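Per-entry structural report
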Amino acid sequence: MKYKSVFDIIGPIMIGPSSSHTAGAARIGRMARNLLNREPKWAEISFYGSFAKTYKGHGTDVAIVGGLLDFDTFDERIIHALDLAKEKGIKITFSEEDAITDHPNTARVRIGDDQGELELVGISIGGGKIEIIELNGFELKLSGHEPAILVVHEDRFGAIANVANVLAKHEINIAHMDVSRKEKGKMALMTIEVDQNIEQAVLDEITALPNIMKVTKIVD
């Protein structure tokens, strides 16, 4: 991968011994919370590869729960995240998986409450950087380093172009865009990272388009 600056190589200001195992894990947890758009009541966290072998010693478990509590990588409360989650009544379970994954630092996070749930797969790629590579069974590529929207839509002709046209009309530049579908003609997911914040009026305009089912704004 390419780094933009020396600070990307050094990594973020953080609590813990490892940018990959601690800061990255915290950001995966925080992204899961952001996508749920509220604090979960329970979390099932599965670690793979290097995460599974070293998560206790490197504080990966504490960090990812800190992220679920909306703590940033430098927040000293991360150290006490497991106790704080218990005090809030959040049920946390961890599992170590033997399955071989494409990346050694992989976590599957399933969280929810009485209102709903979600499941994502995140990888920590070094220097505190992460990628979300799966969301509720959809493949995607979401870095969390830029403002983004997730658009769930019916897999129909013109749906992608309509969304792009709305962004262009409001002079919002697309930095990265990815489209995933489980089955032709069924539900699909657009992942769109942009260069600037998107106002609610723009989100409402996209939501009103034909074949659009749900629009979620992501700001880290």
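In the annotation of an unreviewed UniProt entry, the protein chain is listed under the name L-serine deaminase and assigned to Peribacillus deserti. UniProt lists a comment for the protein chain under the heading Catalytic activity (unreviewed entry), and it reads "L-serine = pyruvate + NH4(+)".

Description of the overall build of the protein chain
A count of helices and strands for the protein chain gives 7 helices and 10 strands. Relative to the 2.2 N^0.38 estimate, which gives 17 Å for 220 residues, the radius of gyration of the protein chain is 18 Å and therefore close to what a compact globule would have. Its C-alpha atoms give the protein chain principal-axis dimensions of about 50 × 40 × 35 Å. Buried positions account for 47% of the 220 residues belonging to the protein chain.

Comments concerning the pairing of strand E3 (residues 105–113)
The buried fraction of E3 is high, at 7 of 9 residues. Pairing of strand E1 (residues 42–48) with E3, which is carried by 7 bridges, proceeds in the antiparallel orientation. Residue Phe47 lies in a different strand from E3, and its bridge partner there is Ala107. Judged from the 8 bridges that link them, E3 and strand E4 (residues 116–126) form a sheet pairing that is antiparallel. For Gly112, the partnering residue across the bridge sits in E4 and is Glu117. As consecutive antiparallel partners, E3 and E4 are separated by 2 residues.

Looking at the nonpolar core
Grouped together as the largest cluster of nonpolar side chains are 40 residues, with contacts concentrated most on Ile64, Val109 and Leu120. With 7 residues, helix H2 (residues 19–36) is the single largest residue contributor to this core. Lining this core are residues from two domains, each supplying at least three of them: domain 1 (12–136) and domain 2 (148–218). Apart from the residues within four sequence positions on either side, Ile64 is in contact with Ala25, Ala26, Ile28, Gly29, Ile45, Phe47, Phe94, Ala107 and Val109. Grouped together as the second largest cluster of nonpolar side chains are 16 residues, Val166, Met190, Ile198 and Ile212 included.

Digging into helix H6 (residues 159–169)
In an α-helix there are 3.6 residues to a turn, and that puts residues three or four apart on one side. Buried within H6 we find Ala159, Val163, Val166 and Leu167. Buried residues of H6 fall within an arc of 100° about the axis and therefore sit on the same side. Exposed residues lying more than 90 degrees from the buried face of H6 are Asn165, Ala168 and Lys169. Packed against the buried residues of H6 are strand E7 (148–154), strand E8 (174–181), strand E9 (187–194), helix H7 (200–207) and strand E10 (212–218). Downstream of H6 by one or two residues, Glu171 has phi in the positive range, about 55°.

Here is what the cut-offs are and how they apply
Residues numbered from 1 in each chain as written. Predicted model: local features only at pLDDT ≥ 70, side-chain atom pairs only at ≥ 80, totals over all residues. Heavy atoms only, no water. UniProt positions renumbered as here; feature names shortened; annotations may be inferred. Helix = DSSP H or I, 4+ residues; strand = E, 2+ residues; numbered from the N terminus. Rg over C-alpha atoms; globule rule 2.2 N^0.38 Å. Buried < 20%, exposed > 50% of the residue type's maximum accessible area, 1.4 Å probe, protein only. Pairing = 2+ DSSP bridges. Core = buried A, V, L, I, M, F, W, Y, C linked by side-chain atoms within 4.5 Å. Domains from an automatic or database assignment. Contact = heavy atoms within 4.5 Å. Arc of directions from axis to C-beta.

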